[in-house]
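Examining the three-dimensional arrangement
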Number of protein chains: 2
Amino acid sequence: MQLTKTEEELMNHLWRLDKAFMKDLLEAYPEPKPATTTVATLLKRMADKGFVSYTRFGNSREYFPLVKKKEYFSKQVNSLIKNFFNDSSSQFASFFTKETNLSKKELQELRAIIDSELQNK
Amino acid sequence: MQLTKTEEELMNHLWRLDKAFMKDLLEAYPEPKPATTTVATLLKRMADKGFVSYTRFGNSREYFPLVKKKEYFSKQVNSLIKNFFNDSSSQFASFFTKETNLSKKELQELRAIIDSELQNK
DNA sequence: ATTTTTATTCTACATTTGTAGAATACCCTC
DNA sequence: GAGGGTATTCTACAAATGTAGAATAAAAAT
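Quantities reported herein were computed from a predicted structural model and do not represent experimental measurements. (Residues numbered from 1 in each chain as written. Chains lettered and ligands numbered in written order. Predicted model: local features only at pLDDT ≥ 70, side-chain atom pairs only at ≥ 80, totals over all residues. Heavy atoms only, no water.)

1. Details of the domain arrangement of chain A
As a reminder, the rule being used: Where each domain begins and ends follows an automated or database-derived domain assignment.
Here chain A is partitioned into domain 1 (5–65) and domain 2 (69–120). Taking only C-alpha atoms, the centre of domain 1 of chain A and the centre of domain 2 of chain A are 30 Å apart.

What follows is the structure in C-alpha coordinates.
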(Lines give C-alpha, C1' and ligand atoms only; values in the text may rest on other atoms or scores of the structure.)
Protein backbone atom coordinates (compact mmCIF):
# COMPACT_ATOMS: atom_id res chain seq x y z
CA MET A 1 0.00 0.00 0.00
CA GLN A 2 0.93 3.62 -0.56
CA LEU A 3 1.23 6.65 1.64
CA THR A 4 -0.55 9.79 0.58
CA LYS A 5 1.22 13.14 0.42
CA THR A 6 -0.14 14.16 3.79
CA GLU A 7 0.93 10.91 5.35
CA GLU A 8 4.34 11.23 3.76
CA GLU A 9 4.80 14.57 5.41
CA LEU A 10 4.09 13.07 8.79
CA MET A 11 6.30 10.12 8.00
CA ASN A 12 9.11 12.52 7.27
CA HIS A 13 8.80 14.05 10.70
CA LEU A 14 8.87 10.63 12.20
CA TRP A 15 11.95 9.62 10.25
CA ARG A 16 13.70 12.75 11.33
CA LEU A 17 12.77 12.30 14.99
CA ASP A 18 13.34 8.57 14.85
CA LYS A 19 10.65 8.08 17.45
CA ALA A 20 8.19 10.55 18.84
CA PHE A 21 5.18 11.22 21.02
CA MET A 22 2.15 12.98 19.71
CA LYS A 23 3.36 16.27 21.09
CA ASP A 24 6.71 15.99 19.31
CA LEU A 25 4.95 15.31 16.05
CA LEU A 26 2.69 18.27 16.48
CA GLU A 27 5.66 20.46 17.23
CA ALA A 28 7.34 19.25 14.08
CA TYR A 29 4.63 20.82 11.94
CA PRO A 30 4.95 24.41 10.79
CA GLU A 31 2.10 26.80 11.45
CA PRO A 32 -0.73 26.34 10.98
CA LYS A 33 -0.46 23.06 12.78
CA PRO A 34 -3.12 20.44 12.17
CA ALA A 35 -5.47 19.41 14.96
CA THR A 36 -4.27 16.67 17.26
CA THR A 37 -7.11 14.47 16.13
CA THR A 38 -6.05 14.90 12.54
CA VAL A 39 -2.58 13.63 13.30
CA ALA A 40 -4.04 10.83 15.37
CA THR A 41 -6.20 9.74 12.45
CA LEU A 42 -3.24 9.82 10.11
CA LEU A 43 -1.15 7.78 12.52
CA LYS A 44 -3.84 5.19 12.85
CA ARG A 45 -4.20 4.88 9.10
CA MET A 46 -0.45 4.67 8.70
CA ALA A 47 -0.32 1.95 11.33
CA ASP A 48 -3.02 0.06 9.41
CA LYS A 49 -0.93 0.35 6.29
CA GLY A 50 2.04 -1.04 8.18
CA PHE A 51 4.24 2.02 8.10
CA VAL A 52 4.36 2.91 11.78
CA SER A 53 3.98 1.27 15.13
CA TYR A 54 4.30 2.43 18.74
CA THR A 55 5.29 1.58 22.25
CA ARG A 56 2.78 2.22 24.98
CA PHE A 57 3.82 4.59 27.75
CA GLY A 58 0.94 4.90 30.16
CA ASN A 59 -1.96 6.13 28.11
CA SER A 60 0.12 7.67 25.40
CA ARG A 61 2.38 6.19 22.78
CA GLU A 62 5.78 6.60 21.38
CA TYR A 63 5.48 6.18 17.66
CA PHE A 64 8.23 4.90 15.43
CA PRO A 65 8.62 4.10 11.72
CA LEU A 66 8.41 0.49 10.61
CA VAL A 67 9.85 1.32 7.22
CA LYS A 68 13.21 2.92 6.67
CA LYS A 69 13.31 6.11 4.74
CA LYS A 70 15.79 4.55 2.41
CA GLU A 71 13.57 1.60 1.62
CA TYR A 72 10.54 3.73 1.14
CA PHE A 73 12.36 6.15 -1.04
CA SER A 74 13.95 3.45 -3.06
CA LYS A 75 10.52 2.07 -3.94
CA GLN A 76 9.39 5.54 -4.94
CA VAL A 77 12.27 6.00 -7.31
CA ASN A 78 11.88 2.55 -8.75
CA SER A 79 8.24 3.12 -9.40
CA LEU A 80 9.04 6.44 -11.06
CA ILE A 81 11.59 4.71 -13.24
CA LYS A 82 9.21 1.93 -14.12
CA ASN A 83 6.43 4.36 -14.88
CA PHE A 84 8.27 6.82 -17.00
CA PHE A 85 11.31 5.12 -18.41
CA ASN A 86 10.11 1.63 -19.26
CA ASP A 87 12.12 0.36 -16.39
CA SER A 88 15.44 1.62 -17.65
CA SER A 89 17.45 3.15 -14.83
CA SER A 90 20.16 4.33 -17.16
CA GLN A 91 17.64 6.27 -19.18
CA PHE A 92 16.56 7.78 -15.94
CA ALA A 93 20.09 8.50 -14.83
CA SER A 94 20.79 10.28 -18.04
CA PHE A 95 17.64 12.31 -17.73
CA PHE A 96 18.40 13.14 -14.17
CA THR A 97 21.93 14.26 -14.78
CA LYS A 98 20.91 16.52 -17.60
CA GLU A 99 17.74 17.95 -16.16
CA THR A 100 18.51 18.67 -12.56
CA ASN A 101 20.76 21.54 -11.79
CA LEU A 102 23.83 19.96 -10.35
CA SER A 103 26.76 22.25 -9.79
CA LYS A 104 30.22 21.47 -11.03
CA LYS A 105 31.21 20.39 -7.55
CA GLU A 106 28.21 18.11 -7.22
CA LEU A 107 28.88 16.55 -10.58
CA GLN A 108 32.43 15.85 -9.55
CA GLU A 109 31.26 14.27 -6.33
CA LEU A 110 28.83 12.17 -8.25
CA ARG A 111 31.55 11.00 -10.57
CA ALA A 112 33.62 10.01 -7.60
CA ILE A 113 30.74 7.96 -6.24
CA ILE A 114 30.29 6.27 -9.58
CA ASP A 115 33.96 5.47 -9.77
CA SER A 116 33.90 3.86 -6.39
CA GLU A 117 30.79 1.91 -7.36
CA LEU A 118 32.60 0.72 -10.46
CA GLN A 119 35.36 -0.61 -8.26
CA ASN A 120 32.92 -3.08 -6.77
CA LYS A 121 31.75 -4.47 -10.09
CA MET B 1 -2.51 20.02 -9.46
CA GLN B 2 -1.44 16.41 -9.47
CA LEU B 3 -2.30 13.39 -11.55
CA THR B 4 -3.29 10.22 -9.75
CA LYS B 5 -1.68 6.88 -10.56
CA THR B 6 -4.57 5.88 -12.79
CA GLU B 7 -4.44 9.15 -14.63
CA GLU B 8 -0.69 8.83 -15.01
CA GLU B 9 -1.15 5.50 -16.71
CA LEU B 10 -3.46 7.05 -19.24
CA MET B 11 -1.14 10.00 -19.65
CA ASN B 12 1.64 7.60 -20.45
CA HIS B 13 -0.37 6.10 -23.28
CA LEU B 14 -1.06 9.53 -24.58
CA TRP B 15 2.57 10.53 -24.45
CA ARG B 16 3.53 7.41 -26.30
CA LEU B 17 0.88 7.91 -28.97
CA ASP B 18 1.45 11.63 -29.11
CA LYS B 19 -2.21 12.14 -29.98
CA ALA B 20 -5.05 9.68 -29.95
CA PHE B 21 -8.74 9.04 -30.32
CA MET B 22 -10.71 7.27 -27.66
CA LYS B 23 -10.39 3.99 -29.50
CA ASP B 24 -6.59 4.25 -29.67
CA LEU B 25 -6.44 4.88 -25.97
CA LEU B 26 -8.63 1.93 -25.22
CA GLU B 27 -6.44 -0.25 -27.40
CA ALA B 28 -3.39 0.94 -25.53
CA TYR B 29 -4.64 -0.65 -22.32
CA PRO B 30 -3.80 -4.25 -21.54
CA GLU B 31 -6.62 -6.65 -20.70
CA PRO B 32 -8.82 -6.22 -18.85
CA LYS B 33 -9.47 -2.90 -20.50
CA PRO B 34 -11.45 -0.29 -18.60
CA ALA B 35 -14.89 0.76 -19.81
CA THR B 36 -15.01 3.55 -22.36
CA THR B 37 -16.86 5.70 -19.91
CA THR B 38 -14.12 5.22 -17.37
CA VAL B 39 -11.51 6.52 -19.76
CA ALA B 40 -13.82 9.34 -20.76
CA THR B 41 -14.19 10.37 -17.12
CA LEU B 42 -10.45 10.28 -16.62
CA LEU B 43 -9.86 12.36 -19.73
CA LYS B 44 -12.34 14.94 -18.60
CA ARG B 45 -10.73 15.19 -15.19
CA MET B 46 -7.31 15.42 -16.77
CA ALA B 47 -8.54 18.16 -19.06
CA ASP B 48 -9.89 20.02 -16.02
CA LYS B 49 -6.49 19.71 -14.40
CA GLY B 50 -4.90 21.13 -17.51
CA PHE B 51 -2.96 18.08 -18.61
CA VAL B 52 -4.73 17.22 -21.86
CA SER B 53 -6.76 18.92 -24.53
CA TYR B 54 -8.32 17.78 -27.81
CA THR B 55 -9.26 18.68 -31.33
CA ARG B 56 -12.83 18.05 -32.41
CA PHE B 57 -13.37 15.72 -35.33
CA GLY B 58 -17.06 15.42 -35.91
CA ASN B 59 -18.54 14.11 -32.71
CA SER B 60 -15.34 12.58 -31.46
CA ARG B 61 -12.05 14.05 -30.33
CA GLU B 62 -8.41 13.64 -30.87
CA TYR B 63 -6.76 14.02 -27.50
CA PHE B 64 -3.26 15.29 -26.97
CA PRO B 65 -1.04 16.06 -23.96
CA LEU B 66 -0.64 19.65 -22.87
CA VAL B 67 2.32 18.79 -20.69
CA LYS B 68 5.50 17.22 -21.93
CA LYS B 69 6.56 14.01 -20.32
CA LYS B 70 9.89 15.59 -19.53
CA GLU B 71 8.34 18.53 -17.74
CA TYR B 72 5.97 16.38 -15.79
CA PHE B 73 8.64 13.96 -14.84
CA SER B 74 11.03 16.69 -13.88
CA LYS B 75 8.48 18.02 -11.42
CA GLN B 76 8.02 14.58 -9.97
CA VAL B 77 11.71 14.14 -9.36
CA ASN B 78 12.07 17.59 -7.94
CA SER B 79 9.25 17.01 -5.56
CA LEU B 80 10.79 13.71 -4.49
CA ILE B 81 14.07 15.45 -3.89
CA LYS B 82 12.44 18.24 -1.97
CA ASN B 83 10.43 15.83 0.09
CA PHE B 84 13.08 13.38 1.01
CA PHE B 85 16.40 15.08 0.70
CA ASN B 86 15.80 18.56 2.01
CA ASP B 87 16.09 19.81 -1.51
CA SER B 88 19.60 18.57 -2.07
CA SER B 89 19.96 17.02 -5.50
CA SER B 90 23.48 15.87 -4.84
CA GLN B 91 22.30 13.94 -1.80
CA PHE B 92 19.74 12.39 -4.05
CA ALA B 93 22.23 11.62 -6.79
CA SER B 94 24.45 9.87 -4.35
CA PHE B 95 21.58 7.89 -2.98
CA PHE B 96 20.43 7.00 -6.43
CA THR B 97 23.80 5.80 -7.59
CA LYS B 98 24.26 3.61 -4.60
CA GLU B 99 20.78 2.26 -4.17
CA THR B 100 19.52 1.51 -7.62
CA ASN B 101 20.92 -1.48 -9.36
CA LEU B 102 22.87 0.01 -12.18
CA SER B 103 24.96 -2.41 -14.16
CA LYS B 104 28.61 -1.80 -14.88
CA LYS B 105 27.74 -0.72 -18.36
CA GLU B 106 25.09 1.71 -17.12
CA LEU B 107 27.45 3.17 -14.59
CA GLN B 108 30.01 3.72 -17.30
CA GLU B 109 27.42 5.40 -19.47
CA LEU B 110 26.43 7.57 -16.59
CA ARG B 111 30.00 8.60 -16.02
CA ALA B 112 30.30 9.53 -19.65
CA ILE B 113 27.23 11.72 -19.35
CA ILE B 114 28.63 13.41 -16.29
CA ASP B 115 31.90 14.03 -18.03
CA SER B 116 30.19 15.67 -20.91
CA GLU B 117 28.12 17.75 -18.51
CA LEU B 118 31.29 18.82 -16.80
CA GLN B 119 32.61 20.05 -20.13
CA ASN B 120 29.87 22.64 -20.21
CA LYS B 121 30.66 24.04 -16.80
C1' DA C 1 -8.23 16.14 45.27
C1' DT C 2 -9.76 19.35 41.77
C1' DT C 3 -8.45 21.55 37.66
C1' DT C 4 -6.02 21.64 33.51
C1' DT C 5 -3.72 19.61 29.84
C1' DT C 6 -3.00 16.07 26.59
C1' DA C 7 -3.74 11.73 23.93
C1' DT C 8 -6.95 8.46 22.20
C1' DT C 9 -11.15 6.80 20.18
C1' DC C 10 -15.41 7.50 17.93
C1' DT C 11 -17.94 9.76 14.79
C1' DA C 12 -18.66 12.72 10.90
C1' DC C 13 -18.45 14.99 6.75
C1' DA C 14 -16.73 17.12 2.38
C1' DT C 15 -13.71 16.10 -1.43
C1' DT C 16 -11.27 13.18 -4.52
C1' DT C 17 -10.63 8.94 -6.89
C1' DG C 18 -11.85 4.61 -9.40
C1' DT C 19 -15.24 2.70 -11.88
C1' DA C 20 -19.04 2.31 -14.86
C1' DG C 21 -24.35 2.11 -16.37
C1' DA C 22 -28.01 4.80 -18.96
C1' DA C 23 -29.18 8.00 -22.11
C1' DT C 24 -28.01 10.41 -26.02
C1' DA C 25 -25.96 11.75 -30.36
C1' DC C 26 -23.49 10.78 -34.33
C1' DC C 27 -21.36 8.23 -38.09
C1' DC C 28 -21.24 4.25 -41.20
C1' DT C 29 -23.15 0.61 -43.82
C1' DC C 30 -26.54 -2.13 -46.10
C1' DG D 1 -33.22 5.71 -43.70
C1' DA D 2 -33.01 1.86 -40.14
C1' DG D 3 -29.79 -0.47 -37.40
C1' DG D 4 -25.30 -1.09 -35.32
C1' DG D 5 -21.17 0.64 -33.56
C1' DT D 6 -18.77 4.33 -31.03
C1' DA D 7 -17.96 8.68 -28.30
C1' DT D 8 -19.77 11.87 -25.02
C1' DT D 9 -22.34 13.46 -21.12
C1' DC D 10 -24.87 12.67 -17.01
C1' DT D 11 -25.43 10.36 -13.05
C1' DA D 12 -24.07 7.35 -9.38
C1' DC D 13 -21.76 5.16 -5.92
C1' DA D 14 -18.12 2.92 -3.05
C1' DA D 15 -13.63 3.68 -1.26
C1' DA D 16 -9.95 6.64 0.10
C1' DT D 17 -8.36 11.04 1.85
C1' DG D 18 -8.14 15.42 4.57
C1' DT D 19 -9.83 17.37 8.38
C1' DA D 20 -11.56 17.81 12.90
C1' DG D 21 -15.38 18.04 16.88
C1' DA D 22 -17.17 15.47 21.08
C1' DA D 23 -16.50 12.38 24.51
C1' DT D 24 -13.44 10.08 27.31
C1' DA D 25 -9.43 8.83 29.93
C1' DA D 26 -5.36 9.59 32.04
C1' DA D 27 -1.48 12.39 33.55
C1' DA D 28 0.38 16.69 35.36
C1' DA D 29 -0.03 20.85 37.96
C1' DT D 30 -1.56 23.43 41.67
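2. Considering the environment of Lys68(B)
Applicable threshold: Segments assigned H or I by DSSP are reported as helices when at least four residues long, segments assigned E as strands when at least two residues long, and all are numbered from the N terminus.
With respect to the secondary-structure elements, Lys68(B) resides in the loop between strand 3 (60–65) and helix 4 (69–84). Separated by 53 residues in sequence, Lys68(B) and Trp15(B) place their C-alpha atoms 7.7 Å apart.

3. Some details on the protein's contact with DNA strand D
Where we set the bar: The nearness test applies per residue and asks whether one of its heavy atoms lies within 4 Å of the molecule or strand. Here a polar contact means two N or O atoms within 3.5 Å. Within protein one must be a hydrogen donor candidate and the other an acceptor candidate, and residues neighboring in sequence count only if both atoms are side-chain atoms.
Inspection of the region around DNA strand D gives 21 residues, with Thr4(A), Thr6(A), Thr41(A), Arg45(A) and Arg61(B) positioned closest. A share of 65% is what sugar and phosphate atoms reach among the atoms of DNA strand D within 4 Å of the protein. Within the side chain of Arg45(A), an N or O atom sits 2.9 Å from a base nitrogen of DNA strand D. Taking Lys23(B), its main chain carries an N or O atom lying 3.3 Å from a phosphate oxygen of DNA strand D. Of all the secondary-structure elements, those providing two or more residues to the surface near DNA strand D are helix 3 (36–48) of chain A together with helix 2 (22–28), helix 3 (36–48) and strand 3 of chain B.

4. Some thoughts on the packing of aromatic side chains
Residue and element names in this part refer to chain A. Heads up, the rule is: Pairing of aromatic rings covers Phe, Tyr and Trp, the last through its six-membered ring, and needs centres within 6.5 Å; plane angles under 30 degrees mean stacked, over 60 mean edge-to-face, and all others mean tilted. Buried, partly exposed and exposed residues are distinguished by accessible area as a fraction of the type maximum, computed with a 1.4 Å probe on protein chains only: under 20%, between the cut-offs, and over 50%, respectively. Either the NZ atom of lysine or the CZ atom of arginine qualifies as a charge over a ring when it sits within 6 Å of the ring centre and within 35 degrees of the ring normal.
Enumeration according to the criterion identifies eight aromatic pairs over all chains in this entry. Their ring planes at 50° and their centres at 5.6 Å tell us that Trp-15 and Tyr-72 sit as a pair that is tilted. Of the two residues, Trp-15 sits in helix 1 (residues 5–17) while Tyr-72 sits in helix 4 (residues 69–84), which places them 57 residues apart along the sequence. The same class applies to Trp-15 and to Tyr-72, which are both buried. Directly above the ring of Tyr-54 sits Arg-61, whose terminal nitrogen or CZ lies 4.1 Å from the centroid.

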